[in-house]
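# Results of the structural survey
Here's the letter readout for the chains.
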Amino acid sequence: MRYRLGGLAAAVVVSAVVAAPQAQARQRVDVVVEWYDVTAGVLAAAPAPTQITNNRTWAIGWLAAARAVRHGHDRAFTDAAVASAVHDSLVSLVPSRAAEVDGALARTLARIPESPARARGVAAGSAQARRTLAEREGDGLDPASVNAPFPGPAAGPGVWQPTPPAYAPAIQYGNRAAKPFTLRRADQFRPAPPPALDSARYRRDLAEVRDYGSVDSTVRTESQTRIASFWYQGSQPAFITPLRVALSESRAPLPDRVQLVAAYNVAAVDTQIATSDAKYAYQLWRPVTALRAGGQPSWTPLHVTPAHPDYPSGHATYAGFSEQVLTSLTGPRSHQVFSLTSPTAPGVTIQYQAWRDLTRDNIDARVWSGIHTRVADEVGADLGRAVGRYVLTRFDRLVG
């Protein structure tokens, strides 16, 4: 199976079985996985307070790396280029972790014999980091811009209002005004409006949330409660492991594996911009507001409702683009079952193999948490898939 990133064919794994000589070769340190782990560790230790800002850091560092290794050369060049590009990007964007990142670069370069190729790789990585950082300067993805004040609308049927218990002001309003990596504009894939409040679909979906999403639900099963709690975690950290699984299994050439990480995070940023556009275009109230306004003033969801509109679900859009990018570039499933854990469900482990199953559970979980209607989740997943497909068709020219 092959999928084209613009004009560049990205090879994917065709077999889970690796011959012994290949396995021995893979015992060498994999610089792509190594620097994936460095990036993940840095952002786990010093995360930005807004999810899209963390994805921006991933996208800049790995887009720089993809540009640096675009035309290959030998292993000394490519290994040094990846390390240098990601290193320089992280030092610039997360300066509090500079010592840690400097140490990682020193370890990588110590493995590569000194040569003109290594020197060229370091220079190429640094040059592309400077280029990419300059391109994204002032892109509106810093935390202050992301959480620009939202001029809240007047209360009315169907209109979003701050939700209990904190009744906090809306967040992520500024995403919609940020500069995408590939989208022509934020509303490029804006979905159709949500169902009317008196439609059969909306009434059915709201009744489902009422019954299955309440804190004291008598119909939600223990398994459904576990899934809801598990996926209450943040989307960005939740998908660190699935992407790493796909990356570590891949036997594609190094430039294509670097592009997998870069394309994934470019899609993450553009999807969140598109999600914010749709949320604040429609400003649909959350289930807790609808149910309390409809005569159930004490109805309370299983989990606290995030402070932004219902439609579409941001978690579902994240799962949708993840499914699309991973399926397109690595196939519909990982080669082996892998396990995930969650900080919002201590002691719970869920196993997955097909990428679409993560989307399925994200859709269900937000209903069972009592914080989204099913239509918001399903439309969100479709929006994420649409942005993911588009990013892949434009990614080659972004790298060039």
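Residues numbered from 1 in each chain as written. Predicted model: local features only at pLDDT ≥ 70, side-chain atom pairs only at ≥ 80, totals over all residues. Heavy atoms only, no water.

### What about the nonpolar core?
- Residues Trp35, Trp62, Trp231 and Val258 are the most contacted members of the largest nonpolar core, which totals 107 residues.
- Ranked by residues supplied to this core, first place goes to helix H12 (residues 254-282) with 13 residues.
- If you count residues domain by domain, this core takes at least three from each of domain 1 (31-136) and domain 2 (157-399).
- Sequence-distant contacts of tryptophan 35, defined by excluding residues within four places in its chain, comprise Trp62, Val82, Ala83, Val86, His87, Val101, Ala104, Leu105 and Thr108. (Core = buried A, V, L, I, M, F, W, Y, C linked by side-chain atoms within 4.5 Å. Buried < 20%, exposed > 50% of the residue type's maximum accessible area, 1.4 Å probe, protein only. Helix = DSSP H or I, 4+ residues; strand = E, 2+ residues; numbered from the N terminus. Domains from an automatic or database assignment. Contact = heavy atoms within 4.5 Å.)

### Some thoughts on the domain arrangement of the protein chain
- If you check the domain split of the protein chain, you get domain 1 (31-136) and domain 2 (157-399).
- A straight line from the C-alpha centre of domain 1 to that of domain 2 covers 29 Å.
- Taken together, the contact pairs 27 residues of domain 1 with 31 residues of domain 2.
- Buried area between domain 1 and domain 2, summed over both chains or domains, comes out near 2600 Å², and the portion from carbon and sulfur atoms is 65%. (Buried area = accessible area lost by both parts, 1.4 Å probe.)

### Examining the pattern of salt bridges
- With the rule as written, the count across this model stands at 21 salt bridges.
- Note that arginine 257 is salt-bridged to aspartate 30, the shortest N-O span being 2.7 Å. Taken together, the positions of arginine 257 in helix H12 and aspartate 30 in the loop between helix H1 (20-25) and helix H2 (31-45) put the pair 227 residues apart, joining distant regions of the chain. In this pair, the class of arginine 257 matches that of aspartate 30, namely buried.
- A salt bridge links glutamate 208 to arginine 374; the nearest nitrogen and oxygen atoms lie 2.9 Å apart. With glutamate 208 in helix H8 (residues 200-212) and arginine 374 in helix H16 (residues 374-399), the pair connects residues that are 166 residues apart, well separated along the chain.
- A residue is classified by how much of its surface remains accessible, and arginine 374, at 15% relative accessible area, is buried. (Salt bridge = Lys/Arg side-chain N within 4 Å of Asp/Glu carboxyl O.)

### With respect to the environment of valine 31
- Summarising the element assignment, valine 31 is placed in helix H2.
- The exposure class of valine 31 is buried, given its relative accessible area of 2%.
- Sequence separation between valine 31 and serine 248 is 217 residues, and the spatial gap between their C-alpha atoms is 11 Å.
- Those residues in contact with valine 31 that sit more than four places away from it in its chain are Asp79, Val82, Thr108, Arg111 and Leu254.

### Some details on helix H3 (residues 51-68)
- Counted at 1.5 Å a residue, the expected span for H3 with its 18 residues is 26 Å, and the 26 Å between its end C-alpha atoms agrees.
- Counting buried positions over the 18 residues of H3 gives 17, a clear majority of the element. (Expected span 1.5 Å × (residues − 1).)

### Examining unusual backbone geometry
- With an omega dihedral of 5°, the bond running from proline 164 to proline 165 counts as a cis peptide bond.
- Within the secondary structure, proline 165 is located in the loop between helix H7 (143-146) and H8.
- That bond from tyrosine 311 to proline 312 is cis: its omega, -5°, falls within 30 degrees of zero.
- You can see proline 312 is positioned in the loop between helix H13 (287-293) and helix H14 (314-330).
- With a phi close to 50°, glutamine 283 is a non-glycine residue in the positive phi region.
- Mapped onto the fold, glutamine 283 is located in the loop between H12 and H13.

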